[in-house]
Amino acid sequence: MAHDAPGSNFYYKHEIGPAAPDDSLKHSRPAPIRAFVRSVSARRLTVMTVILAAGQLWSLPRTDSLTGPVWFYESSPGVWRSGGSVSLTWNGGATPPSLKLQDGGKTVSIHYLGATAAAARLCAGQRAPLRWFTSSGREPTKTVESGDCLLAPGLWPGITLRLSGDSGRLKADYLVEPGADPAQIRFRYQTAARVRTSRTGELLVETPDGLWREDAPRAWLEGGEPVDVAFVVAADGTVGFSARPAPGKRMVIDPAISYSGVFGGNGTSSATSITVDAAGAIYAGGFTDASDFPMNGSILPRGGGVDGVVFKIDGATGALLWANYVGGPGDDRVHAITLGTDGGLYAAGATTSAGFPTAGGAAVSNQGGSDAFLLKFSPDGSRLEFSTCLGGSAADQAFALARSGSGVWIGGQTSSTNFPMAGGPPQSTLRGVSDAFLARYSPGGALEFSTYLGGSGEEMIRAIAVSPTGDPVVGGSTGSSDLPLPVGAYQTSLRGALDGFVVRLSAATGQILAGTYLGGGAGTAGAPERVEAVAVDSAQNIYAAGFTPSSDFPTPNAWLGTLGGVRDGFLVKLHPGLNGLAWGTLLGGGGQEIAQAIALLPDGRIAVGGSTTSVNFPLQDPVIPTYRGSTDGFVTVFTPDGASVPFSTYLGGSSSDAVCCLAPGPGGAVIAAGQSGSLDLPLRGLAAPPAGSALRVFVTRIALGPAPAVQSVTPAAGAGTSDGINVSSK
């Protein structure tokens, strides 16, 4: 996170605002403001704010909702004010310096104890002229400079206060320079009848005007090491922080969402896959039918219809670095991406375009209908290194991709009897209406190995992970009672009409080394049971996540063992030989869940992401504590033994949202991406504002700081609702 105190050692950040039913927007951030004009009548503000943001005009009604930017300007010498649904007056020349907050008729004042007078100034961020107009005038009666953040340097020796705003709410950062003592930070709510901390570490301030709330602070050192921090309320009601920074290291204390933003235009877009490089940059792939999807110099033209997209964003700021279209005139979708050893970006998916762009010496064009495709961009996105289709004369799609020691594995589903085979496949013929396929390509785009994988029913591969020994592990769904599994499988037979499966194959020969069905008795074509994501840890243990309608789904040593609704997500840990489950758990409430993504975190914890329609989805220390839309995304983190959940949150707004992919980020963060139709999805730090009401790509980084242990989680039964969106369109 950028700040304006050179050489600072660490800083505190917390949020100030009245408690409200829609407090789930507490981590939103508006787009940077380039210019704005606010009309003022002779007596009061008019009902419209016009903002030029990210190249387009917004019109924001003046309401009590948490929308719109927060802006700061000097109303008189030494006195600064802000606009937004919560307004601020900063008087740095008072003794002690004070901050007055007002939300409608509610007012509270904060006095900074032991502080010295601090002349405030605008940060070096976004600035713009603020012009007042009378109701009849055409020329401004007053013009002042305004900005999106405010600094009060030297409030205490070596400590700077930074004020900024997130979607109408105010945030306060404390920037502490090397050698300064954070114990100096003390403040008092002047009209408070009672000040206390909540079970989750929030600061609750009871005043005659109502309850005000500050988010629980979070902390980590510059290198990512988490640090315990908490509000400390003294007997006299004054407030400070408890934190001991490591000498010579910067500490960041910050709300849980580091940044969150949407990409897309006036159409439907979604992220389907995400990955993070060693430098922390984030790559995502997906699809869009929006003609105005934000591109940054795409080297391929928009083909029309639905196009695949891949893009790279800065891992620290969320800024879009580059983006490319992928497709021709038909329906083209990127379903999976991975990074090569050289930093190049591979993307795989499905295309119906006869003119799908191909490149490279081994390129193959679309063979008819829908084909799978695989392509690779150079590390800077400026060159298409190769692009090829993979398929036969019927329908073929790729859903999964993983880097091997040399090249990549690609998997999906095929209905083609003439699907190309290579490298001595263990199964060379289509056995059912559709089979899964698995193929390996060289770094240059040459097909080295390809095989069918299936029985007499229908199969598809939805996920691939590569073990430490280089063997591919695949997961998906099967309707075949004769799936070719070796002896010793944990689950040896199909229990429903459609079960999940996990298979491990030899990297050298492609032969199946181990495999198992994974399901209960209720899976059908209309209510399938499916593995959506797989991962392999350093000890060769295999994790699988997906969804099930079965009350008898295997859940040994379960954190949550009872099906809560029509369909629940699941997470299981399988032994390396796929001959047993170390543990398994369901994940859901009274509605319907899909667990669609896994991320193995460096400390051994397992993050799971997906979508839910449950108002009683199990939560712990949530970023967004309430179900708000027709479908919400979720992110849940399990301990390595699967026995507890230190963090679980909704992620969404008032419409349809879904987490489709996860990746571990630097410093113990989790990067989540997916699809959002919510104009009020919490946004922070990304420049592109939402436009219109279509489904769009979102990318969110969640910093996982210290969290309280779960005392008990017993979701109650509920009626639930139907799916709001097809969360992946795969």
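The structure this text deals with has already been given above.
Procedures and definitions
- Residues numbered from 1 in each chain as written.
- Predicted model: local features only at pLDDT ≥ 70, side-chain atom pairs only at ≥ 80, totals over all residues.
- Heavy atoms only, no water.
- Helix = DSSP H or I, 4+ residues; strand = E, 2+ residues; numbered from the N terminus.
- Buried < 20%, exposed > 50% of the residue type's maximum accessible area, 1.4 Å probe, protein only.
- Contact = heavy atoms within 4.5 Å.
- Areas by Shrake-Rupley, 256 points an atom, 1.4 Å probe, with all protein chains shown as cover.
- Pairing = 2+ DSSP bridges.
- Axes fitted to C-alpha atoms, helices over the stretch in contact; angles between N-to-C directions.
- Core = buried A, V, L, I, M, F, W, Y, C linked by side-chain atoms within 4.5 Å.
- Polar contact = N/O pair within 3.5 Å; in protein donor to acceptor, adjacent residues only side chain to side chain.
- Phe/Tyr/Trp six-rings, centres within 6.5 Å; stacked < 30°, edge-to-face > 60°.
- Lys NZ or Arg CZ within 6 Å of the ring centre and 35° of its normal.
- 1 Å grid on protein atoms, 1.4 Å probe; cavity = no way out; pocket = protein on both sides within 12 Å on 5 of 7 lines; lining within 4 Å.
- Points joined across faces, edges and corners; volume = space filled by probe spheres on them.
- Nonpolar A, V, L, I, M, F, W, Y, C, P; charged D, E, K, R; others polar.
- Salt bridge = Lys/Arg side-chain N within 4 Å of Asp/Glu carboxyl O.

Draft legend 1. Region of the structure containing the overall build of the chain. In terms of helices and strands, the chain carries zero helices and 51 strands. Taken across its 730 residues, the chain has 59% of its residues classed as buried. Here the contacts in the chain between residues at least 6 apart in sequence split such that 62% fall between residues at least 24 apart. Carbon and sulfur atoms make up 51% of the accessible area of the chain, which amounts to about 24900 Å² in all.

Draft legend 2. Highlighting the side chain of serine 370. Mapping serine 370 onto the fold places it in the loop between strand 30 (345-351) and strand 31 (371-377). If near-sequence neighbours (up to four positions away) are discounted, serine 370 is found in contact with Ala350, Thr351, Thr352, Ala394, Ala395, Asp396 and Gln397.

Draft legend 3. How the structure looks around the sheet that holds strand 43 (residues 568-574). Read across the open sheet, the four strands follow the order 41-42-43-44; overall the sheet is antiparallel. Edge positions in the sheet fall to strand 41 (530-536) and strand 44 (581-587), since each has one partner strand and no second. On average, each strand axis in the sheet is inclined to that of its neighbour by 15 degrees, with strand direction left out of account. Sheet topology places strand 41 next to strand 42 (residues 542-548); six bridges connect them, and they run antiparallel. Directly across from alanine 535, in strand 42, lies its bridge partner tyrosine 543.

Draft legend 4. Region of interest: the nonpolar core. Leu571, Ile598, Val608, Val635 and Leu662 are the most contacted members of the largest nonpolar core, which totals 37 residues. Beyond its immediate chain neighbours, meaning those up to four positions away, leucine 662 contacts Ile274, Ala597, Ile598, Ala599, Ala607, Val608, Gly609, Val635, Val670, Ile671 and Ala672. Among the nonpolar cores identified, the runner-up in size contains 33 residues, and Leu99, Tyr112, Leu122 and Ala180 belong to it.

Draft legend 5. Seen up close, the side chain of arginine 605. Note on placement: arginine 605 falls in the loop between strand 45 (593-600) and strand 46 (606-612). Arginine 605 gets classed as buried once you look at its relative accessible area, which sits at 16%. At 2.8 Å, the side chain of arginine 605 and the side chain of aspartate 603 are in polar contact.

Draft legend 6. Quick peek at the sheet that holds strand 40 (residues 512-518). Here we have four strands laid out as an open sheet, ordered 37-38-39-40, and antiparallel in their pairing. Strand pairing shows two members of the sheet lacking a second neighbour, strand 37 (459-466) and strand 40, which therefore form its edges. Sheet twist, expressed as the mean angle between neighbouring strand axes with direction ignored, is 20 degrees. One ladder, built from six bridges, connects strand 38 (residues 472-478) with strand 39 (residues 499-505); its direction is antiparallel. By the bridge assignment, valine 474 is partnered in strand 39 with valine 503.

Draft legend 7. Up close: the packing of aromatic side chains. Scanning the model with the defined rule gives 17 aromatic pairs in all. Put simply, the rings of Tyr112, Trp156, Phe187, Tyr189, Phe231 and Phe241 touch in pairs and so form one group of aromatic residues. The ring centre of phenylalanine 399 lies 4.7 Å from the NZ or CZ of arginine 462, which sits over that ring.

Draft legend 8. Representation of the layout of surface pockets. Empty space within the largest pocket amounts to approximately 1100 Å³. When the residues that make up the lining of the largest pocket are grouped by side-chain class, the tally is 28 nonpolar, seven polar and six charged.

Draft legend 9. Region of the structure containing the environment of alanine 336. Within the secondary structure, alanine 336 is located in strand 29 (residues 332-339). Overall, the relative accessible area of 5% leaves alanine 336 in the buried class. For the pair formed by alanine 336 and glycine 349, sequence separation is 13 residues and the distance between their alpha carbons is 6.5 Å.

Draft legend 10. Summary view of the pattern of salt bridges. All chains considered together, the criterion is met by 15 salt bridges. For arginine 196, the salt bridge identified is with glutamate 206, shortest N-O distance 3.0 Å. Residue arginine 196 is located in strand 17 (residues 194-197), and its partner glutamate 206 is located in strand 18 (residues 203-207); the two are separated by 10 residues in the primary sequence. Using a relative accessible area of 27% as the deciding quantity, one classes arginine 196 as partly exposed. Under the relative-accessibility criterion, glutamate 206 is labelled partly exposed at 26%. Salt-bridge contacts for arginine 504 lead to aspartate 471; the nearest nitrogen and oxygen are separated by 3.8 Å. Pair noted here: arginine 504 is in strand 39 and aspartate 471 is in the loop between strand 37 and strand 38, with a separation of 33 residues, a long-range link.

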